[in-house]
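Listed here are the chains, written in short residue letters.
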Amino acid sequence: MWRRVASLSSSISSSFLAQTASRLNTWESLTTGIAQQAKGVIAPKEKTPFITFVLGGPGSGKGTQCIKIVETFGFAHLSAGDLLRREIASKSADGAMILNTIKEGKIVPSQVTVKLIQKEMELSDNHKFLIDGFPRTEENRVSFEQILSEWQSQIGVEPNVVLFFDCPEEEMVKRVLNRNEGRVDDNLETIKKRLTVFQALSLPVINYYSEKGKLYTIKAIGTEDEIFEQVRPIFAAFETVG
Ligand SMILES: Nc1ncnc2c1ncn2[C@@H]1O[C@H](COP(=O)(O)OP(=O)(O)O)[C@@H](O)[C@H]1O
Ligand SMILES: Nc1ccn([C@@H]2O[C@H](COP(=O)(O)OP(=O)(O)O)[C@@H](O)[C@H]2O)c(=O)n1
Ligand SMILES: [Mg+2]
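Residues numbered from 1 in each chain as written. Chains lettered and ligands numbered in written order. Predicted model: local features only at pLDDT ≥ 70, side-chain atom pairs only at ≥ 80, totals over all residues. Heavy atoms only, no water.

1. Focus: the UniProt feature "binding site: ATP" (unreviewed entry) in the protein
Part 1: Those places that UniProt annotates as "binding site: ATP" (unreviewed entry) correspond, in this numbering, to G59, S60, G61, K62, G63, T64, R179 and G222.
Part 2: Mapping G61 onto the fold places it in the loop between β1 (50–56) and α3 (62–73).
Part 3: Turning to its location among the elements, T64 is positioned in helix α3. (UniProt positions renumbered as here; feature names shortened; annotations may be inferred. Helix = DSSP H or I, 4+ residues; strand = E, 2+ residues; numbered from the N terminus.)

Below is the structure:
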């Protein structure tokens, strides 16, 4: 669905744009050279993308619940943190910068993270995306919106759903210290910094989506299954509509 045709330009946004434009039948209005290059070659998209942002502090259970959402509702799971860690492991040009930023509990520049997410979306055959741990800042949010507006000017730039896993700090710290995945940021010193960043930079994004009426707040305390029972009806409602 979001596949790239092998012989086309390697530009990520070009095929995404071309497919979207084709599906929306707005091809002629998109007059960039890239779009013209791909005209008539790419199969049209079959479905409108459904985008869910998954937000919450470190250790609030985002990744754990994303696995359940994938199992139950068939989304593609894109974890911003996992994509950044994969960049570090692949020793890419940005790897050292990303590692230092994560160790410090700070936020990687949006252009880096958005590019990784964009690439994964484009390569996916799915049209339902769970974007986990993103946007973590207003800068993240605006960068992604800019990409969406380029890709799909006719559909709008807002996510369909924003989940917020609301968890007390004490519980988040306990979970992160027990996570045992060998992460460089799962130590008390970095967690404290991450909680400060969450309060200062991520909560404004959560408030933004609350004001937009997009936010679904989940009380992220209890067993994993209990928490999923709060999540399930949100997506079930969209399944019925869709
Ligand atoms: N409801 C829960 N109760 C207790 N521990 C949990 C719960 N949900 C997740 N965990 C554990 O807490 C840790 C952090 O969860 P994770 O899903 O990685 O959170 P996040 O992605 O928000 O940082 C993991 O070790 C996970 O197994
Ligand atoms: N949008 C994002 C997401 C993660 N990150 C970095 O990656 C780290 C780990 O993110 P994560 O989502 O895997 O962390 P958890 O909330 O799952 O514990 C963050 O603390 C940031 O340093 C980022 O810079 N920008
Ligand atoms: Mg996570």
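2. Looking at the UniProt feature "binding site: CMP" (unreviewed entry) in the protein
Part 1: Residues annotated by UniProt as "binding site: CMP" (unreviewed entry) correspond here to N140.
Part 2: Tracing the sequence through the fold places N140 in helix α7 (residues 138–151).
Part 3: For N140, the contacting residues outside a window of four places in its chain are I107, V108, S110, V114, F134 and P135. (Contact = heavy atoms within 4.5 Å.)

3. What to know about the sheet that holds strand β4 (residues 161–166)
Part 1: Read across the open sheet, the 5 strands follow the order β2-β3-β1-β4-β5; overall the sheet is parallel. The open sheet has two free edges, formed respectively by β2 (76–79) and β5 (215–219), since each of these has just one partner strand. For this sheet, the mean angle separating the axes of adjacent strands, direction not counted, is 20°.
Part 2: Sheet topology places β1 next to strand β3 (residues 128–132); 5 bridges connect them, and they run parallel. Residue T52 lies in a different strand from β3, and its bridge partner there is L130.
Part 3: Its contacts with the sheet place α3 against β1, β2, β3 and β4, and it is angled at close to 170° to β3. (Pairing = 2+ DSSP bridges. Axes fitted to C-alpha atoms, helices over the stretch in contact; angles between N-to-C directions.)

4. A few points about the packing of helix α8 (residues 169–177) against helix α9 (residues 188–211)
Part 1: It is at 11 Å that the axes of α8 and α9 come closest, and there the two elements cross at 140°. Accordingly, the angle class assigned to the pair α8 and α9 is oblique. Crossing hand, α8 versus α9: right-handed. Residues E169, M172, V173, V176 and L177 of α8 form the contact with α9, whose participating residues are L188, I191, L195 and Q199.
Part 2: Of the residues contributing to the contact of α8 with α9, the split by class is 7 nonpolar, 1 polar and 1 charged. (Parallel < 35°, antiparallel > 145°, perpendicular 65-115°, else oblique. Left-handed = near helix turned anticlockwise from the far one by under 90°. Nonpolar A, V, L, I, M, F, W, Y, C, P; charged D, E, K, R; others polar.)

5. What about the nonpolar core?
Part 1: Ranked by size, the top nonpolar core spans 29 residues in total, and within it I51, F53, I117, M121, I131, F134 and F144 carry the most contacts.
Part 2: When residues of this core are assigned to their parent elements, the largest contribution, 5 residues, is made by helix α6 (residues 110–123).
Part 3: Aside from chain neighbours lying at most four places away, what touches I51 is M121, F129, I131, F144, L148, P159, N160 and V161.
Part 4: The next biggest cluster of nonpolar side chains, apart from the first, holds 23 residues, and it includes C66, I69, L130 and L195. (Core = buried A, V, L, I, M, F, W, Y, C linked by side-chain atoms within 4.5 Å. Buried < 20%, exposed > 50% of the residue type's maximum accessible area, 1.4 Å probe, protein only.)

6. Comments concerning the site of ligand 2
Part 1: Inspection of the region around ligand 2 gives 18 residues, with K62, R85, K106, V108 and R136 positioned closest.
Part 2: In this structure, R85 approaches ligand 2 through a side-chain N or O atom, which is 2.8 Å from an oxygen atom.
Part 3: Residue R183 places a side-chain N or O atom 3.1 Å away from an oxygen atom belonging to ligand 2.
Part 4: For ligand 2, whose accessible area on its own is 530 Å², the fraction buried by protein is 96%.
Part 5: Sorting elements by how many residues they give to the shell around ligand 2 places helix α4 (residues 80–89) first, with 4 residues.
Part 6: Looking at the shell around ligand 2 residue by residue, the classes come out as 7 nonpolar, 3 polar and 8 charged. (Near = heavy atom within 4 Å. Polar contact = N/O pair within 3.5 Å; in protein donor to acceptor, adjacent residues only side chain to side chain. Areas by Shrake-Rupley, 256 points an atom, 1.4 Å probe, with all protein chains shown as cover.)

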